[in-house]
Amino acid sequence: MYRIALWIIALFCGHGAFALQLAAGEKPNVLMIYADDIGYEALNCYGGLDFKTPRLDQMAAAGMRFSRAYASPVCTPSRVSLHTGLYTTRHGHLGVLPVHHGTRQKVDFQKMPTFAQLLRSRGYTTSVTGKWQLATLQVWPDHIRDAGFDSWCIWQIWRDGNKTLRHWNPTLNEDGRVREDIADRFGPDVLADYVIEQMTEAKAAGKPFFILHNELLPHDPIIETPDDRALGRQAQLGNMIHYMDKLVGRLLDAVETLGIRDNTYVVFMGDNGTHDVDFKNPKSGQPHELKHTRHTIAGNVNGGKFQLNDAGTHVPLIVWGPKSVPRGAVSDDLVDVVDLFPTFCELTETAIPASLSIDGRSIVPQIHGRVGTPRAWVHHGIAGKGENLFDGSWRLFRKDSKLLDARNLPAEPPAGKASEQIDAVKNRLGSIFEKITPTGPRPPEPFPARVLVRE
């Protein structure tokens, strides 16, 4: 409670001075597209060979692509880390919150402040869409507002004792009311409309905006997209990914049409790896080809969502927008999903109270083509399987000290027999585990809590 009290005092004491700064200069907008269940290998610009992603490839060619971005391998842990800037061990949500069953559980964003709360207090219009697997809205109708968002168009997963749909005949809650005018529409299309409306309204009002667009695609069930229905073809994961890609293009086009690209950062990221069982490998049965193997120019990818390996945690991350983002640049620095919290704060010149401890470090320098302060490891966690650390070459599990050799990804075999090198790696990464605890001191790698305001 003492930590939260200090945060609240710092937040509101600084509000007046920062409001004057807002009036003095135009603040950049941020649109984050957080795709549901898509690993890096699904994009052509990451070397993927199985799917078509032309608009995302164009986005990367005109912006900055991060080749080594990581998140926990399932939605709730990954999304709580995004909002709070905390590793899973610290925020405690390693499993999927059972919103599908109408749970009374919720993620308490009063105890764990969010970047959206900070941005809203500094004059930003904040909106969120799509998947909100962080509380049951019928039980906690104010949860989204408490998390820092003024407006929302969210899939209400549970209604009147029944689980609802997200794609066709979607149940979408917009600012507290379920929309009754979209029964014949495709949910992801409705959400794209909402994002464009929010950007348009913010521009007309002369206010900076932050929009977290939780894209519903390509999460299963595997369903027909509008294109599938128009062409009379069978539903498949590749078509869902391609339609998601089209929707990303539609939002980029809207930013251009509104004339706000020079002041709007668009960030695309996956929340966890591809759900591999949704992909039917046409080469299955051939040598080195499994039922759900995906293919990249670097080699075959096996596994995915729910798994604490590269396939389950390695996600795409692309930033596009102002001229300050170098065209076609690629950063090989390790990036953890917790890094988005301080990044959004620095991009928007929003202060992080010194009393607020987070685990992320800003990647704003890299976004602008400068040398940053790259982290030496990323962290992942999931219920039942524990946690691991990945340093770009090795992956160590806390639970049983298992070590994987990740020096030749996408291959990630168990490390060899004990040796001086193996022991040194285990000791080095193991010592970091000792410092990542719910109440312990922050480890040396995370970004230190400080005020992030550009001169």
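Residues numbered from 1 in each chain as written. Predicted model: local features only at pLDDT ≥ 70, side-chain atom pairs only at ≥ 80, totals over all residues. Heavy atoms only, no water.

**A few points about the overall build of the protein chain**
Assigned secondary structure in the protein chain consists of 14 helices and 18 strands. Taking 23 Å as the expected radius of gyration for a compact globule of 455 residues, we find that the protein chain reaches 21 Å, a close match to that expectation. Judged by the C-alpha coordinates and their principal axes, the protein chain covers about 60 × 55 × 45 Å. Put simply, the protein chain has 51 plus and 51 minus side-chain charges, and the middle of one group is 3 Å from the middle of the other. (Helix = DSSP H or I, 4+ residues; strand = E, 2+ residues; numbered from the N terminus. Rg over C-alpha atoms; globule rule 2.2 N^0.38 Å. Lys, Arg positive; Asp, Glu negative; His and termini not counted. Charge placed at Lys NZ, Arg CZ, Asp CG, Glu CD.)

**Comments concerning the packing of aromatic side chains**
Aromatic ring pairs are defined here through the distance separating the ring centres and the angle between the ring planes. This structure, assessed with the given rule, holds twelve aromatic pairs. For the pair Tyr87 and Trp377, a centre-to-centre distance of 5.6 Å together with 40 degrees between the ring planes defines the contact as tilted. Pair noted here: Tyr87 is in the loop between α4 (75-84) and α5 (88-91) and Trp377 is in the loop between α13 (364-367) and β15 (378-382), with a separation of 290 residues, a long-range link. Like Tyr87, the residue Trp377 is buried in the burial classification. Sitting over the face of the ring of Trp140, Arg104 holds its NZ or CZ atom 5.9 Å from the ring centroid. (Phe/Tyr/Trp six-rings, centres within 6.5 Å; stacked < 30°, edge-to-face > 60°. Buried < 20%, exposed > 50% of the residue type's maximum accessible area, 1.4 Å probe, protein only. Lys NZ or Arg CZ within 6 Å of the ring centre and 35° of its normal.)

**A short note on unusual backbone geometry**
With the exception of glycine, most residues fall at negative phi, and the peptide bonds are largely trans. The omega torsion across Leu217 and Pro218 is 0 degrees, close enough to zero to call that bond cis. Among the secondary structure elements, Pro218 is positioned in the loop between β9 (209-214) and α9 (226-231). Unlike most non-glycine residues, Asn169 shows phi in positive territory, near 50 degrees. The backbone of Phe306 sits at a positive phi, close to 80 degrees, despite the residue not being glycine. Its place among the elements puts Phe306 in the loop between β12 (299-301) and α11 (310-313). Relative accessible area serves as the criterion here: at 33%, Phe306 is assigned to the partly exposed category.

**Section: the confidence of the model for the protein chain**
Of the residues in the protein chain, 91% have a pLDDT of 70 or more, and the chain-wide mean is 91. Counting interchain partners and residues more than four positions distant, the pLDDT-below-50 stretch residues 1-24 has 33 contacts. Within the model, pLDDT remains below 50 along residues 440-455, and this stretch shows 54 contacts once partners closer than five positions in the same chain are excluded. (pLDDT = per-residue confidence, 0-100. Contact = heavy atoms within 4.5 Å.)

**A look at the packing of helix α8 (residues 187-205) against helix α10 (residues 237-257)**
In contact at an axis separation of 10 Å, α8 and α10 are set at 15 degrees when each is read in the N-to-C sense. One element, α8, and the other, α10, form an angle in the roughly parallel class. Viewed along their axes, α8 and α10 form a crossing whose handedness is right-handed. Contacts between α8 and α10 involve Pro188, Asp189, Ala192, Asp193, Val195, Ile196 and Met199 from the first element and Tyr243, Leu247, Arg250, Leu251, Ala254 and Val255 from the second. Partitioned by chemical class, the residues of the contact of α8 with α10 number ten nonpolar, no polar and three charged. (Axes fitted to C-alpha atoms, helices over the stretch in contact; angles between N-to-C directions. Parallel < 35°, antiparallel > 145°, perpendicular 65-115°, else oblique. Left-handed = near helix turned anticlockwise from the far one by under 90°. Nonpolar A, V, L, I, M, F, W, Y, C, P; charged D, E, K, R; others polar.)

**Description of helix α3 (residues 54-61)**
Those residues of α3 that fall on the buried side of the exposure criterion are Leu56, Met59 and Ala60. Down the axis, α3 shows its buried residues gathered within 95 degrees of arc, on one side only. Contact partners of the buried residues in α3: β2 (64-70), α10, β10 (264-270) and β13 (314-320). (Arc of directions from axis to C-beta.)

**Concerning the environment of Phe209**
Note that Phe209 resides in strand β9. For Phe209 and Thr437, which are 228 residues apart along the polypeptide, the C-alpha to C-alpha distance reads 34 Å. The residues contacting Phe209, other than those within four sequence positions of it, are Pro28, Asn29, Val30, Tyr124, Thr125, Met199, Ala202, Ile260 and Thr264.

**Looking at the nonpolar core**
Ranked by size, the top nonpolar core spans 76 residues in total, and within it Met32, Leu82, Trp132, Phe149, Phe210, Met269 and Phe344 carry the most contacts. The next biggest cluster of nonpolar side chains, apart from the first, holds 45 residues, and it includes Leu43, Val195, Leu251 and Phe268. (Core = buried A, V, L, I, M, F, W, Y, C linked by side-chain atoms within 4.5 Å.)

**A closer look at the UniProt feature "domain: Sulfatase N-terminal" (unreviewed entry) in the protein chain**
The UniProt record marks residues 28-348 with the feature "domain: Sulfatase N-terminal" (unreviewed entry), using the residue numbering of this structure. Summarising residues 28-348: 28% helix, 21% strand, and an end-to-end C-alpha distance of 6 Å. (UniProt positions renumbered as here; feature names shortened; annotations may be inferred.)

**Observations concerning the environment of Asn427**
Note on placement: Asn427 falls in helix α14 (residues 420-433). On the basis of relative accessible area, Asn427 is assigned to the exposed category, the value being 57%. Spatially, the C-alpha atoms of Asn427 and Ile260 are 49 Å apart, while their sequence positions differ by 167 residues.

**Observations concerning the sheet that holds strand β17 (residues 394-397)**
Hydrogen bonding along the main chain pairs the strands of a sheet, whether they run parallel or antiparallel. If you walk across this open sheet you meet the four strands as β15-β16-β17-β18, and the pairing is antiparallel. This sheet does not close on itself; its edge strands, each paired only once, are β15 and β18 (403-405). The mean angle between the axes of side-by-side strands here comes to 20 degrees, regardless of whether they run parallel or antiparallel. Along the sheet, α14 makes contact with β15, β16 (386-390), β17 and β18, crossing β17 at roughly 60 degrees. (Pairing = 2+ DSSP bridges.)

**Examining the sheet that holds β2**
Spatially, β8-β7-β4-β3-β9-β1-β10-β13-β2-β14 is the arrangement adopted by the ten strands of the open sheet, whose pairing is mixed. Among the strands making up the open sheet, the edge pair consists of β8 (177-178) and β14 (329-336). As judged from the five bridges shared by strand β3 (residues 125-131) and strand β4 (residues 151-155), these two strands associate in the parallel manner. Each residue of the ladder has a partner; that of Ser127, found in β4, is Ser151. Running at roughly 165 degrees to strand β1 (residues 29-35), α4 makes contact with β1, β3 and β9 of the sheet. Sheet strands in contact with helix α12 (residues 340-347) are β1, β9, β10 and β14, and its direction is about 170 degrees off that of β10.

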